[in-house]
Amino acid sequence: MSLIKFLTSKTFFLNLLLAVVAIFVISYLMLKWLDSTTNHGEFETVPDLTGNSISVAKAALEENSLVMEIQDSANYNPDYPKFAVIEQDPKAGFKVKENRKIYITLNPSGYRKVLVPELTDRTFRQAKPTLEALGFQVGTIRYVDNIGKDMVLEVSHDGEEIKPGDMLPKTSKIDLVLGNGNRPN
């Protein structure tokens, strides 16, 4: 039998029709199965968790069939209470599937501690930007008789002397004792 005769035969067309019907039936069943297993068209709205405590955030997420995933704490934000949610992903109002993880970032209990650099024997002009770049604030400045004008002689915090390598919370006020340019008697 030649190829052209086979392609025009009744058997070929019957097999071709059965194959097309089988593809449509299998595709239809696959789509129905996917609809039922993926909850197609069903969404949960992400609630706004910002400013809430962990327990309130967890209850709100469980109420909406969502799962909480805590990420590492961020930098301290004084506008929010300790251990409150300060960020979430996805954002509030987004539509997501049920049991989706909502990633939250918590406000730590305080500012992180920063290493205090070596400031003695530097000028105030060098010390001030160094402190501000690290997040510290320059507190009171006191002058004493010393030949080095504006030279940092002592560094203290809350009345206690700070040594290089000490750790202080970010935004701490650091007091400086500077030379006034006069010779000590």
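Preceding this paragraph is the structure being described.
What you are looking at is a predicted structure, and each value in this text was computed from that prediction instead of being measured.

## Quick notes on the packing of aromatic side chains
Then comes step 1: In total, this model carries one aromatic pair according to the counting rule given.
Then comes step 2: Look at Phe 12 and Phe 13: their rings are 5.8 Å apart centre to centre, the planes differ by 65°, and that puts the pair in the edge-to-face class.
Then comes step 3: For Phe 12, a relative accessible area of 23% gives the class partly exposed.
Then comes step 4: The class of Phe 13 is partly exposed, set by a relative accessible area of 47%.

## Regarding the environment of Glu 161
Then comes step 1: Tracing the backbone shows Glu 161 in strand 9 (residues 160–161).
Then comes step 2: A residue is classified by how much of its surface remains accessible, and Glu 161, at 55% relative accessible area, is exposed.

## Description of the sheet that holds strand 3 (residues 85–89)
Then comes step 1: Reading across from one edge, 2-5-3 is the order of the three strands in this open sheet, with mixed pairing throughout. Two strands in the sheet have a free side with no partner beyond their single neighbour: strand 2 (67–71) and strand 3. Within the sheet, the average angular offset between the axes of one strand and its neighbour, ignoring direction, is 30°.
Then comes step 2: Pairing geometry for strand 2 and strand 5 (residues 101–106), over five bridges, is parallel. If you follow Glu 69 over to strand 5, its bridge partner there is Tyr 103.

Conventions and cut-offs
- Residues numbered from 1 in each chain as written.
- Predicted model: local features only at pLDDT ≥ 70, side-chain atom pairs only at ≥ 80, totals over all residues.
- Heavy atoms only, no water.
- Phe/Tyr/Trp six-rings, centres within 6.5 Å; stacked < 30°, edge-to-face > 60°.
- Buried < 20%, exposed > 50% of the residue type's maximum accessible area, 1.4 Å probe, protein only.
- Helix = DSSP H or I, 4+ residues; strand = E, 2+ residues; numbered from the N terminus.
- Pairing = 2+ DSSP bridges.
- Axes fitted to C-alpha atoms, helices over the stretch in contact; angles between N-to-C directions.

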